[in-house]
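Spelled out from the first residue to the last, the chains are:
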Amino acid sequence: MTDQVSNPGSNPVSESRWQTLLSVEELARALGRPDVVVLDARSSLADPAACERAYRQSHVPGAYFADLDRDLSDHSRPGGRHPWPSAEDFTARLGEWGITPDHQVVVYDAGDGGLSAARAWFLLRALGHRDVAVLDGGWKRWTAQGCLVEVGTPVSSTPAAYHADFDRALLFDAPQVQAHLAAGGMLLDARASERFRGEVEPMDTVAGHVPGAINRPYAENLSEGGFKPAPELKREFEQLLGGRDPHDVVVMCGSGVTACHHLLAMEHAGLPGAKLFTGSWSGWIEDPTRPVATGA
């Protein structure tokens, strides 16, 4: 299920590395390793402050709280409801958590499919950080299996220096998406089908989708509270891509959060290379002159 990598001849517990998903059992064994940093990325669009309150009440031991709005976005910048942060600000935050490029980072959220956790995963991946993975099943599965929890906040980390920049080739804005579509590229929308068709729109001021986009709701990556097995995801995405190279795919959603779920699922399936439309639908409609499609 996971993408564990170990150094031959060494202690597999101390040297294991994960780059897409890891299980509750694997994280439980890795807790306390000096090279492992855990981030709690639980989020709620309905009540953003609720998740930090829940974190203070109980979280994976040693985990730091990564707030979707404060840490994984930058609302001083344009680009939809969750604007992509600057590399300078995000790496500074990583340093405050004591994270360096050599750390194994594990991210989890509530267990609703790895949504905010996938966003944190791709932020790190776009910096070139390889050893970052999402806890499959998240907080829900962790507590359901009776794993240890911690109350309050962890002991402050030793500040670290993290020097890196985002790979801009992985991050598309609206004009780049338009050019991508004009060149025959695929744009994959991770929103629920009724939002894609424009039948409902609970978050944004305009309903519909980018003309030329195709729809695969992120929930189709899930089964029984976690990600589908990698071979199953591979079959499904290969059928969807229809022979396209994953590098020819840009993913989007409402604001650049759930789209990262597709990026994680594709990489776990052995199909890396897709890009992110960072502003997604909420960034697309910032310019009222851009076209809008409805229906299937």
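Look above for the structure.
(A) Examining the overall build of the chain more closely. A count of helical and extended segments in the chain gives 11 helices and 12 strands. By the compact-globule yardstick of 19 Å for 296 residues, the chain fits well, its C-alpha radius of gyration being 19 Å. Taking the principal axes of the C-alpha coordinates as reference, the chain spans close to 55 × 40 × 35 Å. By the burial criterion, 54% of the 296 residues in the chain qualify as buried. Contacts spanning at least 24 positions in sequence make up 73% of the contacts within the chain whose residues lie at least 6 apart. In the chain, 26 positive and 39 negative side-chain charges are present, and the distance between their average locations comes to 2 Å.

(B) Spotlight on the pattern of salt bridges. Under the defined criterion, the tally for this structure stands at 24 salt bridges. As a salt-bridge pair, Asp-131 and Arg-17 come within 2.8 Å of each other at their nearest N and O atoms. In this pair, Asp-131 is assigned in the loop between helix H5 (115-126) and strand S5 (132-135) and Arg-17 in the loop between helix H1 (12-15) and strand S1 (21-22), connecting sequence segments 114 residues apart. Both residues of the pair, Asp-131 and Arg-17, belong to the buried class. Arg-93 serves as the salt-bridge partner of Asp-71, at 2.7 Å between the closest nitrogen and oxygen. Highlighted residues: Asp-71 in the loop between strand S3 (64-65) and helix H4 (87-96) and Arg-93 in helix H4, separated in sequence by 22 residues.

(C) Structural context of the packing of helix H9 (residues 230-241) against helix H10 (residues 259-268). At a closest axis distance of 8 Å, the pairing of H9 and H10 adopts a crossing angle of 110°. Taken as axis vectors, H9 and H10 run roughly perpendicular relative to one another. As for how H9 packs across H10, the hand of that crossing is left-handed. Together, Ala-230, Leu-233, Phe-237 and Leu-241 of H9 and His-262, Ala-265, Met-266 and His-268 of H10 make up the contact between the two elements.

(D) The nonpolar core, seen in detail. One finds Leu-39, Phe-122 and Phe-166 to be the most contacted residues of the largest nonpolar core, which totals 52 residues. By residue number, the principal contributor to this core is H5, which donates eight residues. Aside from chain neighbours lying at most four places away, what touches Leu-39 is Tyr-64, Ala-66, Trp-97, Ile-99, Val-105, Val-106, Val-107 and Tyr-108. Grouped together as the second largest cluster of nonpolar side chains are 16 residues, Tyr-108, Ala-133, Trp-139 and Cys-147 included.

(E) Up close: the packing of aromatic side chains. Under the criterion given, the structure shown has seven aromatic pairs. Ring centres of Tyr-108 and Trp-139 lie 6.0 Å apart, and the angle between their planes is 20°; on these two criteria the pair is classed as stacked. Taken as a pair, Tyr-108 in strand S4 (residues 104-108) and Trp-139 in helix H6 (residues 138-144) lie far apart in primary sequence, 31 residues in all. Each member of the pair Tyr-108 and Trp-139 is classed as buried. Consider the rings of Phe-277 and Trp-284, whose centres lie 6.4 Å apart with planes at 85°: the pair is edge-to-face. What makes Trp-284 buried here is its relative accessible area of 1%. In textbook terms, an aromatic cluster arises when at least three aromatic residues are bridged by ring pairs, as seen for Trp-84, Phe-90, Trp-121, Phe-122 and Phe-166. If you follow Arg-216 out to its NZ or CZ, it ends over the ring of Phe-237, 4.4 Å from the centre. Its end group placed over the ring of Trp-284, Arg-290 keeps NZ or CZ at 5.7 Å from the ring centre.

(F) Region of the structure containing unusual backbone geometry. The residue Glu-224 is not glycine, and still its phi comes out positive at about 55°. Unusually for a residue other than glycine, Ser-280 sits at a positive phi of about 50°. With respect to the helices, strands and loops of the structure, Ser-280 is situated in helix H11 (residues 280-284).

(G) Up close: the sheet that holds strand S11 (residues 249-252). Taking strand neighbours across the sheet as the criterion, the five strands line up as S6-S12-S11-S7-S8 in an open arrangement whose pairing is parallel. Two strands bound the open sheet, and with one partner strand each, they are strand S6 (171-172) and strand S8 (214-215). Judged from the four bridges that link them, strand S7 (residues 186-189) and S11 form a sheet pairing that is parallel. Directly across from Asp-189, in S11, lies its bridge partner Met-252.

(H) Quick look at the sheet that holds S4. Strand order in the open sheet made by the five strands is S1-S5-S4-S2-S3, with parallel pairing throughout. Where the open sheet ends on each side, the last strands, each with one partner, are S1 and S3. Across two bridges, the pairing between S1 and S5 is parallel. Bridge pairing links Leu-21 to Val-134 in S5. Sheet strands touched by H5: S4 and S5. Its angle to S5, the strand with the most contacts, is close to 175°.

Calculation notes
- Residues numbered from 1 in each chain as written.
- Predicted model: local features only at pLDDT ≥ 70, side-chain atom pairs only at ≥ 80, totals over all residues.
- Heavy atoms only, no water.
- Helix = DSSP H or I, 4+ residues; strand = E, 2+ residues; numbered from the N terminus.
- Rg over C-alpha atoms; globule rule 2.2 N^0.38 Å.
- Buried < 20%, exposed > 50% of the residue type's maximum accessible area, 1.4 Å probe, protein only.
- Contact = heavy atoms within 4.5 Å.
- Lys, Arg positive; Asp, Glu negative; His and termini not counted.
- Charge placed at Lys NZ, Arg CZ, Asp CG, Glu CD.
- Salt bridge = Lys/Arg side-chain N within 4 Å of Asp/Glu carboxyl O.
- Axes fitted to C-alpha atoms, helices over the stretch in contact; angles between N-to-C directions.
- Parallel < 35°, antiparallel > 145°, perpendicular 65-115°, else oblique.
- Left-handed = near helix turned anticlockwise from the far one by under 90°.
- Core = buried A, V, L, I, M, F, W, Y, C linked by side-chain atoms within 4.5 Å.
- Phe/Tyr/Trp six-rings, centres within 6.5 Å; stacked < 30°, edge-to-face > 60°.
- Lys NZ or Arg CZ within 6 Å of the ring centre and 35° of its normal.
- Pairing = 2+ DSSP bridges.

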